[in-house]
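# Structural description and commentary
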Amino acid sequence: MEKTLFQKIADKEIPAAIVYEDELCVAFRDIAPAAPVHVLLIPRKPIPSIAAATAEDAELLAHLMLKVGDIARAEGIEASGFRTVLNTGDDGGQTVPHLHIHIIGGRSLQWPPG
Ligand code: AMP
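About the criteria used
Residues numbered from 1 in each chain as written. Predicted model: local features only at pLDDT ≥ 70, side-chain atom pairs only at ≥ 80, totals over all residues. Heavy atoms only, no water. Helix = DSSP H or I, 4+ residues; strand = E, 2+ residues; numbered from the N terminus. Polar contact = N/O pair within 3.5 Å; in protein donor to acceptor, adjacent residues only side chain to side chain. Contact = heavy atoms within 4.5 Å. Near = heavy atom within 4 Å. Areas by Shrake-Rupley, 256 points an atom, 1.4 Å probe, with all protein chains shown as cover. Nonpolar A, V, L, I, M, F, W, Y, C, P; charged D, E, K, R; others polar.

This paragraph deals with the side chain of Q94. Among the secondary structure elements, Q94 is positioned in the loop between β4 (82-85) and β5 (101-105). In this structure the side chain of Q94 is engaged in a polar contact, spanning 2.9 Å, whose partner is the backbone oxygen of P48. There is a polar contact of 2.9 Å between the side chain of Q94 and the backbone nitrogen of G89. Excluding its chain neighbours within four sequence positions, the residues that come into contact with Q94 are P48, S49, N87, T88, G89 and H100.

Here we come to the site of the ligand. Within the structure, the ligand sits among 16 residues, and D30, N87, T95, H100 and H102 are positioned closest to it. In this structure, an oxygen atom belonging to the ligand sits 2.8 Å away from a side-chain N or O atom of N87. Here the ligand loses 82% of its free accessible area of 500 Å² to cover by the protein chains. Those elements that provide at least two residues to the shell around the ligand are α1 (5-10) and β2 (25-29). Take the shell around the ligand: its biggest share by element is three residues, from α1. When the residues that make up the shell around the ligand are grouped by side-chain class, the tally is eight nonpolar, six polar and two charged.

Next comes the structure, spelled out in structure tokens:
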């Protein structure tokens with residue numbers, strides 16, 4: 001199966017500003033940041049979306065959730081607050097079919113999104 005864009009980033013075939021990586025996940029700066037801090041956190045495993053995750057992925061998903069706080073702390077936005085977003089499918093605005101968690105902060109964000 002053809003690699004997703006984000007698999008290519010995780011495998012260092014496409015350059016990205018990586019801020020964190022371990023054996024299960026990679027975090028890198030969004031190429032079109034929506035705020036002063038905009039990091040994408042992905043599993044190395046190419047799960048297409050959160051809706052495609054299964055019970056087999058439970059530990060991996062827990063790992064990703066715990067990394068969100070670590071990354072927010074490292075980016076200096078834990079105290080000011082931030083948003084985590086998982087876009088899913090067309091109506092959700094998902095453009096890359098590889099599960100990714102947006103970590104967005106560094107400014108006051110509006111709710112609900114447009
Ligand atoms: P989504 O719309 O939720 O699928 O988010 C995909 C995100 O990937 C968008 O915010 C894009 O700006 C970002 N993106 C696309 N290509 C790259 C890239 N080569 N490096 C970093 N971020 C990217």
